[in-house]
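Chain by chain, the residues:
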Amino acid sequence: MSQIEIKHTACPYDCPSTCGFCVKTDGRRILEIIPDKEDGVSKGLICGKMRHYEKDVHSDKRLMHPLRRVGKKGEGKFEQISWEEAIREITDRWKELLEKDGGSAIAYCNYSGVMSAVQRHSGDAFFAYMGANQLVKTLCSSAKGAAYNSVAGKTGCLDPRELKDSDYYLVWGSQVAATRLQTMPILTEARKQGKKVVLIEALANGMAQYCDQTVLVKPGTDGALALAMMHVLVKEQLCDEEFLKEYVLGYEPFFATLKDYTPKWAEEITGIPADVIEKIAIEYGKAKAPAIILGSGNSRYTNGGMTVRLIVILSLLTGAWKKPGGGFCGAGPSGTKYIKKELISRPDFEERHKRGTLNINQIGAAICQEEIKSFYVYGSNPANSVSDQKAVYKGLAREDLFTVVHEQYMTDTARFADIVLPATTSVEHSDLYTAYGYCTFGVAKKVIEPLGECKSDWDVFCLLAKGMGFEDPYFERTEDEMVDYVLQNSPVMEMLTEEQKEQMEQGKVLTLPFADHLNILTPEKKFRITDADQEHEIPCYVPTTVDPDYPLRLIIAPAVQTLNAIFIEREEQVEKRGTMKLYLHTEDAKDRGIADGDRIICYNDLAEVEYEAAVTDFVAKGCVGSVGVYRSGLSFNGYTANALHHARLSDIGEATTMNDNGVEVKKK
Ligand SMILES: Nc1nc2c(c(=O)[nH]1)N[C@H]1C(S)=C(S)[C@@H](COP(=O)(O)OP(=O)(O)OC[C@H]3O[C@@H](n4cnc5c(=O)[nH]c(N)nc54)[C@H](O)[C@@H]3O)O[C@H]1N2
Ligand SMILES: Nc1nc2c(c(=O)[nH]1)N[C@H]1C(S)=C(S)[C@@H](COP(=O)(O)OP(=O)(O)OC[C@H]3O[C@@H](n4cnc5c(=O)[nH]c(N)nc54)[C@H](O)[C@@H]3O)O[C@H]1N2
Ligand code: SF4
Ligand SMILES: [Mo]
């Protein structure tokens, strides 16, 4: 009989927490997930999605063998083939393409299916070595990241665990209960202590109940709110002049512009009454250690970078950053590089070729072009995640686009592949883990052998490299050797105590020191309100693009039960989540003769998408909200919110503008 063991591992998914937890295993199967009370981030509180990860690992829907398409594109008919055949077929085709057309004929798509370092970044090295079109990976919060960098560089912001010391909270566009679960107990405790939590949202139905006050804002107008709040802070002399003098560049010319940004001016734009803006600004200004918890929602606009710049600047004016718990939460908290990513993604391979670039947000249009002849997808599901869904399907349906998808499940993208390769889950491969929302680091070795014929991204890229005849030693390491090599070269090794090293060996996720928030990591060693590298050196209000033909603004929000398109193969999660709903304001519904539960069509110049109407007062007027990512088979008419998303890019960071689309709604 095999022995039962409890082993530590880490969550591989795109969630700021990267919880550590335990798995019970008999060496062949994962029997149970056991939350770990000693884990520094989760403290034993992990989400319902991962609480039964064993059901995903052992799902009978998992792909177990390489497959070759036998039916028409998208029909979903495949035959089983061997790995040798699969690799030969792929690499023969690529060699032919490279010889005839060059690397510009090959595109790939990868995003956040697996977040651990080696699995996530190994493909970058492979495709750079090959000279395929480089993917600009800006599908999530790149506008937010670039805007934060403009003001604060690499300065570490608050680790959410520091929020216990804050005395006033602005939860700004984040469904914390779904996406930052471990912050919830801190907010609950703060409220018990009489501290105030204010929510600034376009779609507040998920969070309003956990906050003392909800402020509904018209989508894409938060920059006006931030400016008006700063107007009030200056007028009421609530800015910390000493702090600004010592730590902040450019506040004088910026302050000179604030006089026109009155609360009354902002009311017109944001829909928030002027007296509400004034009151929040004064409360915020009088708090000793106020914290702004910023989600990514309001960065996903054509003015998203500017919005984030303004909110980060707001967090500086009262000197909150110098107080424990005060400042800004929602960008990189560490201020230190834990992993030398370049050892995995190998930017030096770029020198081998001059490559084209493709932005992931525009991958649909790209794969519709004849010049692109092959498409490789791993750790991503573009049919359900990127903008202009109709273009994505049109491209995937091209009989002459040789498509390979490396996946755990037969996703809407994989269904169109010529070759499907089965992927491991995190317990079947080894890797290094850093959280993007916390100061943590871990190494989790594989717990069980890969199921069926599944292989990890690292192993597949090494096999493909061999098939291609790539001779660089990079491709010769085994997965464990690669993980160890990156670990041994990690700056973290010098930060760890002997006890922590032992814990790391056991697969635990370690907490590293929080950043010194006044160790300002910009070239000038000061925060920058003005930035000569930006289109607008002095930050100002920039409206988002509004399409007069489609007066409602469509935004998207995450679902509690799923994580992007992950977990949509688990029946119980999908059942709990329910049908595809579109939230709309009572008055907007009334104007259109729509009642709660009606079947409705949401449309614009790109597509028509069918929903069930959810009528509520917890959404800003003029805004409609689509919650969760659905696969085509679970949608009403084959399309989801992404079909209504234009592929425009944000002002800073070339990022998605998923939330910045005009739509209209009618009863079906
Ligand atoms: N359960 C669950 N957890 C997740 C995910 C998931 O899908 N499900 N996704 C993961 C991923 S990939 C990410 S990036 C993070 C995201 O997590 P966060 O960065 O915390 O952001 P979200 O929770 O997605 O919240 C975005 C919010 O912005 C709001 N919003 C949209 N436009 C505006 C606006 O103009 N102004 C304001 N004030 N609000 C606006 C939306 O209504 C939404 O509530 O969560 C991760 N965690
Ligand atoms: N409508 C709508 N669109 C969205 C969002 C939304 O909330 N609504 N969210 C946006 C955001 S914030 C993000 S970050 C993106 C995410 O965009 P994507 O990363 O494209 O989408 P995911 O749904 O995360 O799909 C990842 C896929 O990777 C697979 N996978 C998991 N582990 C591995 C592995 O180890 N190897 C391989 N090869 N595959 C693996 C999973 O099975 C899954 O199908 O989507 C964006 N698009
Ligand atoms: S999805 Fe997030 S909350 Fe859930 S276990 Fe993973 S890291 Fe923790
Ligand atoms: Mo994301």
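Quick summary incoming for the structure in this document. In every chain, residue numbers begin from 1 and rise along the written sequence. Written order determines the labels here, with chains lettered from A and ligands numbered from 1. With pLDDT at 70 or above as the cut-off, local features in this predicted model cover only qualifying residues; side-chain atom pairs require 80 or more to be listed or tallied, and sums for whole chains, interfaces and linings still use all residues. Only hydrogens and water are set aside when side-chain values are computed; all heavy atoms of the structure are taken into account.

**Some points on the layout of surface pockets**
Once rolled over the atoms, a probe with the size of a water molecule shows which space is left empty.
Item 1. Any residue with an atom within 4 Å of a point lines the site, the site being either a cavity, points on a 1 Å grid over the protein atoms alone where a 1.4 Å probe fits but cannot get out, or a pocket, an open set with protein on both sides within 12 Å along at least 5 of 7 lines. Grid points are joined across faces, edges and corners, and a volume is the space filled by probe spheres set on the points. Each pocket or cavity is described by its volume, and for the second largest pocket that value is around 320 Å³.
Item 2. Only DSSP runs of H or I with at least four residues qualify as helices, and only runs of E with at least two residues qualify as strands; both kinds are numbered from the N terminus onward. Going through the elements one at a time, α6 (176-179) and β23 (581-585) are the ones with two or more residues in the lining of the second largest pocket.
Item 3. Put simply, Ala, Val, Leu, Ile, Met, Phe, Trp, Tyr, Cys and Pro go in the nonpolar bin, Asp, Glu, Lys and Arg in the charged bin, and everything else, Gly too, in the polar bin. In the lining of the second largest pocket, the residues fall into 11 nonpolar, 6 polar and 2 charged.

**Considerations on the packing of helix α8 (residues 222-235) against helix α12 (residues 274-286)**
Item 1. α12 packs onto α8 with a crossing angle of 60 degrees between their chain directions and a minimal axis gap of 9 Å. By the angle between their directions, the pair α8 and α12 is classed as oblique. Of the two elements, α8 crosses α12, and the hand of that crossing is right-handed. Of the residues in α12, those in contact with L225, A228, M229, V232, L233 and K235 of α8 are I277, E278, I280, A281, I282, Y284 and G285.
Item 2. Here the contact of α8 with α12 is built from residues that sort into 10 nonpolar, 1 polar and 2 charged. Helix axes use the C-alpha atoms of the stretch in contact, all axes being lines fitted to C-alpha atoms, and the angles between their N-to-C directions lie in the range 0 to 180 degrees. Should an angle lie under 35 degrees it is considered roughly parallel, over 145 roughly antiparallel, and from 65 to 115 roughly perpendicular; all remaining angles are considered oblique. The sense of a crossing depends on the near helix, which, turned anticlockwise from the far helix by less than a right angle, makes the crossing left-handed and, turned clockwise, makes it right-handed. Only heavy atoms matter for contacts: two residues are in contact if any of them lie within 4.5 Å across the pair.

**What to know about empty space enclosed by the protein**
Item 1. Enumeration over the complete set of coordinates arrives at 1 cavity of 30 Å³ or more.
Item 2. One number sums up the size of the largest cavity: a volume of about 130 Å³.
Item 3. The wall of the largest cavity is formed by 17 residues, among which C11, C15, C19, C47 and M50 lie closest to the centre.
Item 4. Broken down by secondary-structure element, the contributors of at least two residues to the lining of the largest cavity are α1 (48-51) and α6.

**A closer look at the site of ligand 1**
Item 1. Ligand 1 sits among 33 residues. The nearest are S174, Q175, E201, D222 and T562.
Item 2. Between ligand 1 and Q175, the relevant distance is 2.7 Å, taken from an oxygen atom to a side-chain nitrogen or oxygen of the residue.
Item 3. Any pair of nitrogen or oxygen atoms within 3.5 Å is treated as a polar contact; in protein, a donor-acceptor pairing is required on top of that, and neighbouring residues in sequence qualify only through side-chain atoms on both sides. Between a nitrogen atom of ligand 1 and a main-chain N or O atom of I200, the distance comes to 3.1 Å.
Item 4. Note that accessible areas follow from Shrake-Rupley with a 1.4 Å probe, and for residues the cover is restricted to the protein chains shown. Out of a free accessible area of 910 Å², ligand 1 has 97% covered by protein chains.
Item 5. Elements with a minimum of two residues in the shell around ligand 1: α6 and β9 (196-201). Near, as used in this document, describes a residue that has one of its heavy atoms within 4 Å of the molecule or strand being considered.

**Description of the site of ligand 3**
Item 1. Around ligand 3 sit C11, C15, S17, T18, C19, I46, C47, M50, Q182 and L563, and that is every residue in its neighbourhood.
Item 2. More than half of a molecule's atoms lying within 2 Å of a cavity's or pocket's grid points is what places that molecule inside it. Among the cavities detected, the one that contains ligand 3 is the largest cavity.
Item 3. Residue composition of the shell around ligand 3, by class: 7 nonpolar, 3 polar and no charged.

**Quick word on the environment of T656**
Item 1. Turning to its location among the elements, T656 is positioned in the loop between β26 (623-627) and β27 (661-667).
Item 2. T656 sits 294 residues away from Q362 along the chain, and the two C-alpha atoms are 9.2 Å apart.
Item 3. Leaving out residues up to four positions away in the same chain, T656 has contacts with T138, L139, C140, S299, R300, Y301, N361, S387 and S650.

**Some details on the side chain of E428**
Item 1. Within the element layout of this structure, E428 appears in the loop between β17 (419-422) and β18 (431-434).
Item 2. There is a polar contact of 3.0 Å between the side chain of E428 and the side chain of R62.
Item 3. Excluding residues within four positions of it along the chain, E428 makes contact with V57, R62, K446, I448, E449, P450, L451 and C454.

**Observations regarding the nonpolar core**
Item 1. Judged by nonpolar contacts, the single largest core of 80 residues is most densely connected at W94, F126, F127, Y376, L432 and F441.
Item 2. The element that contributes the greatest number of residues to this core is helix α4 (residues 117-130), accounting for 8 residues.
Item 3. Not counting the four nearest positions on each side in its chain, F127 is found in contact with W94, Y108, A132, R355, Y376, Y378 and F461.
Item 4. Take the buried Ala, Val, Leu, Ile, Met, Phe, Trp, Tyr and Cys residues and link them wherever side-chain atoms come within 4.5 Å; each set so joined is a nonpolar core. Partly exposed describes any residue whose relative accessible area lies between the buried limit of under 20% and the exposed limit of over 50%, with all areas from a 1.4 Å probe on protein chains only and scaled to the type maximum. Residues Y148, M306, L317 and I520 belong to the second largest nonpolar core, which totals 58 residues.

**Focus on the packing of helix α5 (residues 142-152) against helix α13 (residues 304-317)**
Item 1. Between α5 and α13, whose axes approach to 8 Å, the crossing angle comes to 45 degrees. Compared by their axis directions, α5 and α13 come out oblique. Crossing hand, α5 versus α13: right-handed. The residues of α13 that touch α5, namely those facing A143, K144, A147, Y148, S150 and V151, are G305, V308, R309, V312, I313 and L316.

**Focus: the environment of V70**
Item 1. Structurally, V70 can be placed in the loop between β4 (67-69) and β5 (78-80).
Item 2. C-alpha of V70 to C-alpha of G44: the two residues are 26 residues apart in sequence and 47 Å apart in space.
Item 3. Excluding residues within four positions of it along the chain, V70 makes contact with K77, F78 and E79.

**Some remarks on the sheet that holds strand β15 (residues 374-378)**
Item 1. Pairing between strands is defined by DSSP: at least two bridges between them are needed. As summarised here, the arrangement of the 6 strands in space is β5-β4-β17-β16-β15-β6, forming an open sheet in which the pairing is mixed. Lying at the two open borders of the sheet, with one neighbouring strand each, are β5 and β6 (106-109). Taken pair by pair, the neighbouring strands of this sheet meet at an average axis angle of 20 degrees, ignoring direction.
Item 2. Here β4 runs beside β5; their pairing, made up of 3 bridges, is antiparallel. When the bridges of β5 are listed, R68 appears paired with E79.
Item 3. Taken strand by strand, helix α18 (residues 457-468) contacts β15, β16 (402-407) and β17, and its axis lies near 150 degrees from that of β15.

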